[in-house]
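# Descriptive structure summary
So the chains spell out like this:
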Amino acid sequence: MPKPFSDPIWQRPKTVSAFQSQPAVGAVDVVIVGGGIMGLSTALHAARQGRTVQVLEAGGIGEGASGLNGGQVIPGLKYDPEWLVEHFGKERGEALVNFAASTADAVFDLIRDENLAVPFTRNGWIQAAHTETALTAAANRDRQWRARGADVELLSQAEIAAMTGAKGYLGGWLDRRAGVVDPLAYTLELARVTAAAGAGIAEGQKVVKLRKDTGLWRVLTESGTEVRAKAVVLATNAYTDGLLPGLARTIVPLHSFQIATAPLPADIGAGILPGGQAVSDSRRILVYYRRSADGRLVLGGRGRMALPSSAADWAHLERALIRLYPALAGIAIEKRWFGRVAMTPDHLPHIHEPEKGLLAVAGCQGRGVGLMSALGKRMASYLASGDARQLPFPLSPIRPIPFHAFRQVGVAATIAWYRMLDALER
């Protein structure tokens, strides 16, 4: 697992490794491989249904994308409701639309109901349009969600300028169902309540082998520990390796880089995201940003495919920051970090069950905080009932991407090309 270039989160708690280092001995109902949001949410709901659960995390809780993401909690999927209904059919498509609409609720309801110690703001998410084409797409999205009763609004150029304080947008779309959280705090608190519900959480336990024997799965870790389980859920997402043949070749893992300024002076910060919304723009290689609980501006975007080697690898984000907010030219960048995002060719999450009792989920498409929080509850229900209608997405076979070894080379070239196109549109 790649490590951050520098300490990623300035509020990082001292209790990040407070969980057990050894898994339970013997048999459990469910083993979950991966202690990120997806794995922990599944574990929490399965434990509360009375099942014995063991989470095995290769690193530490919060060290992967769940603790390193942009903290934006956005409902919906990459596709709009009408596309989903057309693609999946009316019954399943409408059910999927309703699920997608609820994903932000899953996060904020959990924070409220469990009294989680998580800094958050729920004042919405802005999709900022920098071209007329993007503005037309925003209007179409607004029409579709408004028809379903969503609390959304199309923004004029003057309105988006006032709400973001940023330069260069022609308008945008506000989804008030969305918000922002401190992602590391959320992941750690999710782990805390999951453990309190009775699930075992073991850090530093990389799973290296799966084998089914006499009706039970034998899950072997790198340390030599074996746990037996009736069912196994692989929730490794962008950090998926060769544990399940072919699974890693169904996704393209991309690096998402982020920077955080020093706390903004009051005279400058007052006009930057005064309402606390999160923002993603409409560029081909988009940037996304938010204010942190301690007054910093946190901005992220796609980074290089190779692991970063110096602060220069974040320079493109610093240029984007100044393009949007010229007044921040003299403000120090105090933090730089990165994590992985799993993308699928069709830009949808995939749920696989290659053998009975062996499940895998991959492809959060950059919306993992809400999506994986909500999906975990559905996964737990499916484990309990075996009823595939509990799942918002259909079970699909593992289909490795053709010429996967060359895919990342192509993606890197495409990113460079898209950056050039974005620059020409400014």
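Now for a quick tour of the structure. Along each chain, numbering runs from 1 in the same order as the chain's sequence is written. Local features in this predicted model are restricted to residues of pLDDT 70 or higher, and side-chain atom pairs are both shown and tallied only at a pLDDT of 80 or more, whereas totals for entire chains, interfaces and linings draw on every residue. The side-chain numbers reported here are obtained from all heavy atoms of the structure, hydrogens and water having been left aside.

## Side note on the overall build of the chain
Going by this rule: Runs of H or I in DSSP of at least four residues are treated as helices and runs of E of at least two as strands, each being numbered from the N terminus. Working definition: with a 1.4 Å probe on protein chains only, accessible area under 20% of the residue-type maximum means buried, over 50% means exposed, and in between means partly exposed. Any two residues whose heavy atoms approach within 4.5 Å at even a single point are treated as in contact. All accessible areas in this document rest on Shrake-Rupley with a 1.4 Å probe, and a residue is counted as covered only by the protein chains that are shown.
A tally of helices and strands in the chain yields twelve helices and 19 strands. The buried share among the 426 residues of the chain stands at 54%. Expressed as a percentage of contacts within the chain between residues at least 6 apart in sequence, the contacts between residues at least 24 apart total 75%. Surface summary for the chain: the accessible area is close to 17400 Å², and the carbon and sulfur share equals 54%.

## As for helix H4 (residues 90-101)
Spelled out, the test is: Given a helix with a known number of residues, its expected span is that number minus one, times 1.5 Å. By definition, the arc is the one covered by directions from the helix axis to the C-beta atoms.
The end-to-end C-alpha separation of H4 is 16 Å, in line with the 16 Å expected for twelve residues at 1.5 Å each. Taken together, the buried positions of H4 are occupied by Gly93, Leu96, Val97, Phe99 and Ala100. One side of H4 carries all its buried residues, which in axial view fall inside an arc of 165 degrees. What points out from H4, more than 90 degrees from its buried face, is the exposed set Lys90, Glu91 and Asn98. Along its buried surface, H4 packs onto helix H3 (81-88), helix H5 (103-113), helix H6 (132-147) and helix H11 (368-385).

## Quick word on the packing of helix H1 (residues 37-48) against H11
Put simply, the rule reads: Interaxial angle, 0 to 180 degrees, is taken between N-to-C directions of lines fitted to C-alpha atoms, where a helix line uses only the stretch in contact. Note on terminology: angles under 35 degrees are roughly parallel, angles over 145 are roughly antiparallel, angles of 65 to 115 are roughly perpendicular, and the others are oblique. The hand of a helix crossing depends on one turn: near helix anticlockwise from the far one by less than a right angle means left-handed, and clockwise means right-handed.
The N-to-C vectors of H1 and H11 enclose an angle of 40 degrees; their axes lie 7 Å apart at closest approach. It follows from the interaxial angle that H1 and H11 lie oblique. Two packed elements cross with a definite hand, and for H1 against H11 that hand is right-handed. Contact residues: H1 offers Ile37, Met38, Ser41, Thr42, His45 and Ala46, while H11 offers Gly368, Val369, Met372, Ser373, Leu375, Gly376, Lys377, Met379, Ala380 and Leu383.

## Observations regarding the layout of surface pockets
Stated precisely, the cut-off is as follows: Using protein atoms alone on a 1 Å grid, points that fit a 1.4 Å probe yet trap it form a cavity, whereas open point sets bounded by protein on both sides within 12 Å along at least five of seven lines form a pocket; residues with an atom within 4 Å of a point count as lining. Grid points are joined across faces, edges and corners, and a volume is the space filled by probe spheres set on the points. Only Asp, Glu, Lys and Arg are considered charged, only Ala, Val, Leu, Ile, Met, Phe, Trp, Tyr, Cys and Pro nonpolar, and every remaining residue, Gly among them, polar.
Looking at the second largest pocket, its volume works out to about 330 Å³. The wall of the second largest pocket is formed by 18 residues, among which His45, Ala106, Asp109, Leu110 and Lys377 lie closest to the centre. Contributing elements (two or more residues each) for the lining of the second largest pocket: H1, H5, helix H8 (183-196) and H11. In terms of residue count, H5 provides more of the lining of the second largest pocket than any other element does, five residues in total. Residue classes in the lining of the second largest pocket are distributed as seven nonpolar, four polar and seven charged.

## Thoughts on the pattern of salt bridges
For clarity, the threshold we go by: Whenever Lys or Arg places a side-chain nitrogen within 4 Å of a carboxyl oxygen from Asp or Glu, that contact is recorded as a salt bridge.
Overall, the coordinates contain 21 salt bridges when judged by the stated rule. When the shortest N-O distance is used, the salt bridge between Arg146 and Asp142 registers 3.3 Å. Separated by four residues within a single helix, Arg146 and Asp142 lie in helix H6, roughly one turn from each other. The partly exposed category is assigned to Arg146, whose relative accessible area is 44%. Overall, Asp142 belongs to the buried group, its relative accessible area being 8%. Residue Asp281 is joined to Arg283 by a salt bridge in which the shortest nitrogen-to-oxygen separation is 3.5 Å.

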